[in-house]
Amino acid sequence: MTEAQGTSAKKTYDAVIVGAGHNGLAAAIHLAKRGWSVGVYETKSEAGGAVKTRELTLPGFHHDVAAMNLSMFAGSPFLREYGAALGRHGLAFAPAEDCFASVFPDRTWFGISKKLDKTMARLAAINSNDAKNFSRLLEKFGEDAPHIFGLLGNVMPSAAAFKVVWSAWRQMGTAWSFEMLKFLLSSPRTWLDRNFENPKVKATLAAWGMHLDFAPDVAGGALFPYLETMANQAFGMVIGKGGADTMIKAMLGYLGELGGEVHLNASVKEIKSSASTADGIILASGETVTARKAVIANVTPHVLFGALLPHGSGQPAVDAKFKSFRPGPGTMMLHLALKAPLKWNAGSELSNFAYVHVAPTYDYMTQAYSQAMAGLLPEAPVLVVGQPTAIDQSRAPQGKHIAWVQVRMLPKHVKGDAAGHIKAGDWQKIKNAYADRVIDLIESYATGGKRSILGRAVFSPDDLESENACLIGGDNLSGSHHLDQNFLFRPVAGYSRYKMPMKRLYMCGAATWPGAGTGAGSGYLLGKMLGGK
Amino acid sequence: MADYVIVGSGINALVAASLLALKGRKVLVLERNGSTGGCMRTEEITLPGFKHDVMATTFVLFLLSPAYAALAPELEKRGLQFAHPEIPTGVLRADGSSLVLTRDHAANVAAFEKLASGDGKQFDSDISRLGANAPFLFALLGGRLWSWSMAKTVAKEAWRRGPRGLSSFFGEALGSARSWLEPHYKSDLFHALMAPWVLHTGLGPESAYSGQMAKVIAFALEAAGAPIVKGGAVNAVKAFEQLIRDHGGEIRTNADVAEVIVDSAGGASGVILASGEKVAAGQGVICSMAPGQLYGRLLKNHGPADAMRQEAKGFVHGKGNMQVHYALKSPPKWKTAELSKVALLHLSSGLDGVSKAVNEAERGLLPAEPTICVGQPTSFDPSRAPEGKAILWLQLPEAPRILKGDAAGEINTPKDQRWNKAVREAYADRVETMLSKHITGFKASVLKRCCYSPADLEAMNVNLVGGDPYGGACTIDQFFLWRPMRGGANHETPVKRLYHIGASTHPGPGLGGGSGFLLAKALA
């Protein structure tokens, strides 16, 4: 990979890409492969955006700073085309046998393992009807999946997407299409209540809605518990071998091989345009870079229509819509270096799971969400406890472990504490107090966990935003995925096809369709749109 | 023999019966209760001479409805008169700060601009944009969805706005009240004025498309105010009944329909009453009720309806509602005098407060600080109470259907999780304490209080499942094309000549009489 210097001679590329997150790199790779010259400019000293791995606590403990789950990347159309090449550049996954589980206050648990008989045995033990319900859904998943992934895997809207819908209607019929549309509008609760009986089973699946901003009652959220559960059951979950950044390192390596250039510590000041056509960028250093065919902004609308377009796109009304693109609730990341794996009171088997959710009931989840939306620190936070070392021992020194704890649904500006203990104020001032609440909560489900902590690193929503300017208020999903900002409304209705209101200017990234995740969806779709299939 | 037998006598049934009767059809309305009108009932429930609208009271949606446009002269001839308040709505916060929405758009814009610079302008542009969209919007909210005219309407809009414009119309329409209010309006007080209104559409401030519904309501209140029926909602019912009878129709109360008769050809040919009496219908049977009643009871023995019966089991009902009625010695002396002129005043701590109370109710808790909707009928219809006296109409739209506890940790809820008199009155006391902070000498002025818990409301009207006054949750997956459920297109059912209307069907709840109007128009 060429590490061009910020001060080197005036550069010209076919495509200039702003932001070295994985979608930007995916677009760069596809374009480079199609013979375009590409230059990627990243303000930070490290590529990867929200996919980074660092020794955050103690030497030898490798923590995925934000994203940990690479299942979407492993199953992505992008990887289908470039998997072999990326393999040559060291891409390696560590598969999880036991994917995700939820713990309950009565010292019980339920979880999904890749081995179907394991999952079914647990279901049968809880509720035999739900065991039947689960198998029925899993069978149906086989029929539905091609259509759903077809929709998720195409530019929205597009002839191709329309073809998917059309053929779905022809193959599956009107009733199915009608139900599918209703399903896409449904909240997790309505869908789960229609399909399952047991509250623990429902809560375990509903937790996936909380990975985005879909509390159990939010319309349009049913899709995520459904897809994640079925996909985890059918394909399992994977994380990166040695760290999530294995995918970034491999992408950088392959991009270099293709002649693409990545410039780190190269902060882009603004996007250059003439005659309302984007034709390059100006770096903070003053250097200008020319783009012959395209400027691709792999950033959130706030960044593109804020700093990068100081004079706007020339269409103020449209710019206003991009500026009012709504972030989702914030996240806190809590990284722990541990003497021993967490010993869950509910059962030792839980230590093998990639994710353990602390989100035991609908009520627990809706309360945390509604408190966060009202600007309060949730009195009982929703946790995703990731256990990478259960799957990939190389993440920590021999015999030691790490925990990746994601605290979902936190306010950007803290008006108060729903529990009434922590004074409202700057995240910088309160983050450790809140992290203590999180650790006490974990302790209540995994006694002794506290004592086995060797080191911790806390990233408040503010810290995440300063790590990555695209995570507004610590929103690790680059914008709410509610119905008004998803599908053909992502990020802004009428601009969901990556083309921005300025000639030769494009946007990709989690803020664009098909949304957040490590699936490289938008970067690859945009790459194909520009460079051809 | 009647051409159409209409089961139920709520607003939609009465609208359908009236329109069919006017078209020369012979209609027979069968009501299981002792009186007609569904949620429109006026009774002296506290003391003699105090006329309370027990449930529905505001007729703004009716005034704006195509049903009213078609029936106004006939109903007015039969004594229907509206009383109009000076100020349709307002909000009052615990700290005493308040804000009202008048019917004078310019005055509203000025007031909101004064509150926070930019808010007035934003309101002006939101309302005028909604005005421009109104024909399309009201076609979607009130039109027959599966029809050529709807297809043409949408196509026309697609052409007029372009695909980009159309998609941005729908995109914006899907936003929540929070996503409308927080980014676009600086003033918390303005948020507080609008947020409680989404409760009256069966939604919460975080619900999809609740932002659009809040705008629709602001637009409607400015356009038509918050009228009530002079002398009580019952006078609207009387006018409908007279209209129906004058056109050869018949109305029977205490006539509980137990079953729909399906003939060998799979068509509805009449109904059987609980008494065993058979009533024939020449052209069709129209049922205005909740899906559970229609498919779980009236069609329970009909095989071909099995699929719909299953669907009906999955039909979700919304939050409960509670009503509190007061007979007062004298009109309330609000500490802010202007508030005595407000027809529907919300006591609310604002957007976050409504969101919190909704969430508590959804978790089965009695909200610690519920939103209180205070109606003041006597302030603009003195005939509702004896000379010098007054009544108050209180609605608590955030009442849990099943009781798991009290968010304030004060009221003990019963083990069976059902509403009982003790809980109802204790909760009403909480509300009364909140209210009396703002009214001088309120408690002393109370002659009598009369409360209806969600359970009481369901006991009064079997279609208000769990005390849900909106005939089922109005979440988007159960609205528009999906109301009440698959196969409910254009109010048809799996049984030929059997039609389903009411709040549980498109276009949903409210006194607009939309489903009754759409069906009658299609039939005659």
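Owing to the predicted nature of the structure, the values given are computational and were not obtained by experimental measurement.

Caption draft 1: Structural context of the overall build of chain B. Secondary structure summary: chain B contains 17 helices and 22 strands in total. The C-alpha radius of gyration of chain B comes to 22 Å, within 12% of the 24 Å expected for a compact globule of 524 residues. Dimensions of chain B, computed from C-alpha atoms along their principal axes, come out at roughly 65 × 60 × 50 Å. For chain B, buried positions account for 57% of its 524 residues.

Caption draft 2: Structural detail: the overall build of chain A. Scanning chain A from N- to C-terminus turns up 16 helices and 20 strands. Computed over its C-alpha atoms, the radius of gyration of chain A comes to 22 Å, within 12% of the 24 Å expected for a compact globule of 533 residues. The principal-axis extents of the C-alpha atoms in chain A amount to approximately 65 × 55 × 45 Å. Counting over 533 residues, chain A shows a buried share of 58%. The contacts in chain A between residues at least 6 apart in sequence include a share of 73% that link residues at least 24 apart.

Caption draft 3: Fine view of the interface of chain A and chain B. The partner chain B presents 26 residues to the 29 residues of chain A that form the contact. Elements with a contribution of two residues or more to the side of chain A that touches chain B: helix H6 (159-185), helix H7 (188-195) and helix H13 (362-373) of chain A. Tallied by class, the residues present in the side of chain A that touches chain B amount to eleven nonpolar, eleven polar and seven charged.

Caption draft 4: Main features of the packing of helix H1 (residues 22-33) of chain A against helix H10 (residues 246-257) of chain A. All names here are of chain A. Interaxial distance between H1 and H10 falls to 10 Å at its minimum, and their mutual angle equals 25°. For the element pair H1 / H10, the angle class is roughly parallel. The way H1 lies across H10 gives a crossing that is left-handed. From H1, His22, Leu25, Ala28, Ile29 and Ala32 reach across to H10, where they touch Met247, Ile248, Met251, Leu252, Tyr254 and Leu255.

Caption draft 5: Looking closely at helix H8 (residues 199-206) of chain A. Within H8 of chain A, seven of the eight residues are buried, which leaves the element mostly enclosed by the surrounding structure. Among the residues of H8 of chain A, those classed as buried are Lys200, Val201, Lys202, Ala203, Thr204, Leu205 and Ala206 of chain A.

Caption draft 6: Summary view of unusual backbone geometry. Of note, the bond from Met156 of chain A into Pro157 of chain A is cis; its omega dihedral lies within 30 degrees of zero at -10°. Relative to the assigned elements, Pro157 of chain A resides in the loop between helix H5 (128-152) and H6. Between Arg483 of chain B and the following residue, Pro484 of chain B, the backbone shows a cis peptide bond with an omega angle of -5°. Along the chain, Pro484 of chain B turns up in the loop between helix H16 (454-460) and strand S22 (498-501). One non-glycine residue, Arg107 of chain A, lies in positive phi territory at about 60°. If you trace the backbone, Arg107 of chain A turns up in the loop between strand S6 (98-103) and strand S7 (109-113). Positive phi values are uncommon outside glycine, yet Ala520 of chain A reaches one of about 55°. You can see Ala520 of chain A is positioned in the loop between strand S20 (505-507) and helix H16 (521-531).

Caption draft 7: Summary view of the pairing of strand S15 (residues 342-347) of chain B. Residues and elements named next belong to chain B. Where burial is concerned, most of S15 is hidden: six out of the six residues are buried. With five bridges joining them, strand S6 (residues 87-92) and S15 adopt parallel strand pairing. Opposite Gly90, over in S15, you have Leu345 as the bridge partner. Strand direction decides the pairing type here: S15 and strand S17 (residues 372-375), joined by four bridges, are antiparallel. Each residue of the ladder has a partner; that of Leu344, found in S17, is Gly375.

Caption draft 8: Expanded view of the nonpolar core. Counting 337 residues, the largest nonpolar core has Ile296 of chain A together with Ile6 and Ala16 of chain B as its most contacted members. Top contributing element to this core by residue count: helix H1 (residues 11-22) of chain B, with nine residues. Residues within four places of Ile296 of chain A in sequence aside, it is in contact with Ala15, Ile17, Val18, Gly24, Ala27, Tyr506, Cys508 and Leu526 of chain A.

Caption draft 9: Here's a closer look at the sheet that holds strand S16 (residues 382-386) of chain A. All names here are of chain A. Taken in spatial order, the seven strands line up as S7-S6-S14-S16-S17-S13-S19 in an open sheet, and their pairing is mixed. Single-partner strands in this sheet number two, and they are S7 and strand S19 (453-459). Between one strand axis and the next, the sheet turns through 20° on average, direction left out of account. Alignment of strand S13 (residues 330-338) against S19, held across six bridges, turns out to be antiparallel. Residue Leu336 lies in a different strand from S19, and its bridge partner there is Arg456. Sitting on the sheet, H13 is in contact with S16 and strand S17 (401-410), with an inclination near 65° to S17. Of the strands in this sheet, S6, S13, strand S14 (355-358), S16, S17 and S19 are in contact with helix H14 (residues 427-445), which crosses S13 at around 60°.

Caption draft 10: Structural detail: the packing of helix H11 (residues 291-298) of chain B against helix H12 (residues 306-313) of chain B. Residue and element names in this part refer to chain B. Direction vectors running N to C along H11 and H12 enclose 140°, while the axes themselves pass 9 Å from each other. One element, H11, and the other, H12, form an angle in the oblique class. You can see that H11 and H12 cross each other, and the crossing is left-handed. Where H11 abuts H12, its residues Pro291, Gly292, Tyr295 and Gly296 lie against Met308, Arg309 and Ala312.

Caption draft 11: Molecular detail of the environment of Gln428 of chain A. All names here are of chain A. Positionally, Gln428 belongs in helix H14. Taking the number of C-beta atoms within 10 Å as the measure of exposure, Gln428 has 10 and is therefore exposed. The sequence separation of Gln428 and Pro461 amounts to 33 residues, and the corresponding C-alpha distance is 9.5 Å. Ignoring anything within four residues of it in the chain, the contact list for Gln428 reads Ser460 and Asp462.

Caption draft 12: Spotlight on the confidence of the model for chain B. Of the residues in chain B, 100% have a pLDDT of 70 or more, and the chain-wide mean is 95. The ipTM, which scores confidence in the relative placement of chains, is 0.91 for this predicted complex, and the corresponding pTM is 0.94.

Caption draft 13: Structural context of the pairing of strand S7 (residues 98-101) of chain B. Bridge analysis of S6 of chain B against S7 of chain B gives four bridges, and the strand direction is antiparallel. What sits directly across from Gly90 of chain B, in S7 of chain B, is Val100 of chain B.

Caption draft 14: Inspection of the sheet that holds strand S21 (residues 446-452) of chain B at higher detail. All names here are of chain B. Ordered by their spatial adjacency, seven strands build an open sheet running S7-S6-S15-S17-S18-S13-S21, and the pairing between neighbours is mixed. Of all strands in the sheet, those bounded by a partner on one side alone are S7 and S21. The mean angle between the axes of side-by-side strands here comes to 20°, regardless of whether they run parallel or antiparallel.

Caption draft 15: Summary view of the environment of Ala96 of chain A. All names here are of chain A. With respect to the helices, strands and loops of the structure, Ala96 is situated in strand S5 (residues 93-96). Spatially, the C-alpha atoms of Ala96 and Ser113 are 8.5 Å apart, while their sequence positions differ by 17 residues. The contacts of Ala96, once residues within four sequence positions are left out, are Gly236, Met237, Val238, Ile239, Ala354 and Ile391.

Caption draft 16: A look at the confidence of the model for chain A. Considering every residue of chain A, the mean pLDDT works out to 95; 98% of them sit at 70 or more. Scored below 50 in pLDDT, residues 1-7 of chain A makes 16 contacts in the model with residues more than four places away or belonging to other chains.

The rules behind each value
Residues numbered from 1 in each chain as written. Chains lettered and ligands numbered in written order. Predicted model: local features only at pLDDT ≥ 70, side-chain atom pairs only at ≥ 80, totals over all residues. Helix = DSSP H or I, 4+ residues; strand = E, 2+ residues; numbered from the N terminus. Rg over C-alpha atoms; globule rule 2.2 N^0.38 Å. Buried ≥ 20, exposed ≤ 12 C-beta atoms within 10 Å, placed from the backbone. Contact = placed C-beta atoms within 7 Å. Nonpolar A, V, L, I, M, F, W, Y, C, P; charged D, E, K, R; others polar. Axes fitted to C-alpha atoms, helices over the stretch in contact; angles between N-to-C directions. Parallel < 35°, antiparallel > 145°, perpendicular 65-115°, else oblique. Left-handed = near helix turned anticlockwise from the far one by under 90°. Pairing = 2+ DSSP bridges. Core = buried A, V, L, I, M, F, W, Y, C linked by C-beta atoms within 7 Å. pLDDT = per-residue confidence, 0-100.

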